[in-house]
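# Per-entry structural report
Each chain is listed here by its residues.
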Amino acid sequence: MITLYGSPRSSAGRCIWTLEEAGVAYTQKDVDMKNKEHKSADYLKINPMGKVPAMVDGDVTLFESMAINYYIADTYKKELLGTNALERGLSMQWSFWATAELQPPIIEVFIQKVFVPEDKRDHNIIEKNLNKLPELLSVLNNSLAQKKYLAGDQFTIGDINTASVASICPMLGVDLGAYPNIKNWLGAIGDRPAFQKYQNLRK
Ligand SMILES: N[C@@H](CCC(=O)N[C@@H](CS)C(=O)NCC(=O)O)C(=O)O
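Now for a look at the structure at hand. In this text the structure is predicted, and so the values were computed from the model without any measurement. (Residues numbered from 1 in each chain as written. Predicted model: local features only at pLDDT ≥ 70, side-chain atom pairs only at ≥ 80, totals over all residues. Heavy atoms only, no water.)

## So, the packing of helix H7 (residues 157-166) against helix H8 (residues 180-190)
- Between H7 and H8, whose axes approach to 11 Å, the crossing angle comes to 110°. Classified by the angle their axes make, H7 and H8 are roughly perpendicular. Considering how the two elements wind past one another, H7 and H8 form a crossing that is left-handed. Residues Asp159, Thr162, Ala163 and Ala166 of H7 pack against Trp185, Leu186 and Ile189 of H8.
- Class assignment of the residues belonging to the contact of H7 with H8 gives a composition of five nonpolar, one polar and one charged. (Axes fitted to C-alpha atoms, helices over the stretch in contact; angles between N-to-C directions. Helix = DSSP H or I, 4+ residues; strand = E, 2+ residues; numbered from the N terminus. Parallel < 35°, antiparallel > 145°, perpendicular 65-115°, else oblique. Left-handed = near helix turned anticlockwise from the far one by under 90°. Contact = heavy atoms within 4.5 Å. Nonpolar A, V, L, I, M, F, W, Y, C, P; charged D, E, K, R; others polar.)

In structure tokens:
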């Protein structure tokens with residue numbers, strides 16, 4: 001039985017979505033960040049970085065959400081990796097792009113808008129990072145022209161890793177109206193029962 005550490009509202013959410021897609025039995029455990037459980041000696045044995053998510057599956061212990069997703073797909077539902085070299089390459093391309101390029105500005109805005117009290121918000125940080133989004137979202141939008149998913153017809157963890165970040169945009173007041181392909185793609189993803197479960201869990 002897999003144990004996944006971290007709340008569905010954190011980076012652990014994309015791993016929970018992948019577990020749901022793979023249809024594998026798992027237990028999700030919250031880590032009490034307010035009381036610094038993520039820095040406790042017991043938790044540091046699981047993730048020496050003191051962050052969530054982390055995963056234990058029998059003898060296997062992993063941290064880093066992308067690595068956990070690749071492990072789950074490889075072990076329990078290989079088609080989520082892509083079914084040929086091109087799909088696997090595209091899946092990885094978008095996974096790396098989502099964490100290296102799209103996620104940093106979105107997280108900066110998220111921190112300011114969700115965690116920083118209104119009177120202490122740094123509007124320069126918000127504006128600087130919001131200004132990075134049109135270029136990034138245009139790249140994603142153009143790549144989705146005439147494609148159902150990022151790797152083509154096959155849904156992969158590239159979609160999970162990218163949509164788990166892109167779907168934060170509306171929560172931050174970023175209008176996706178100018179990006180119809182992204183809207184269609186998120187619409188198709190929204191029909192997936194595993195995504196619906198993940199969405200309900202992160203509410
Ligand atoms: N690159 C890591 C990022 C993990 C991460 O930053 N997790 C945050 C929560 S979303 C965390 O645990 N922060 C606690 C800390 O940094 O002390 C991944 O994708 O797994």
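Next comes the rest of the account.
## Regarding the pattern of salt bridges
- For the coordinates displayed, the defined rule picks out four salt bridges.
- A salt bridge links Glu21 to Arg192; its shortest N-O distance comes to 2.9 Å. Of the two residues, Glu21 sits in helix H1 (residues 12-22) while Arg192 sits in the loop between H8 and helix H9 (193-201), which places them 171 residues apart along the sequence.
- Since its relative accessible area comes to 8%, Glu21 is described here as buried. (Salt bridge = Lys/Arg side-chain N within 4 Å of Asp/Glu carboxyl O. Buried < 20%, exposed > 50% of the residue type's maximum accessible area, 1.4 Å probe, protein only.)

Function-wise, these values are silent; they only describe arrangement.
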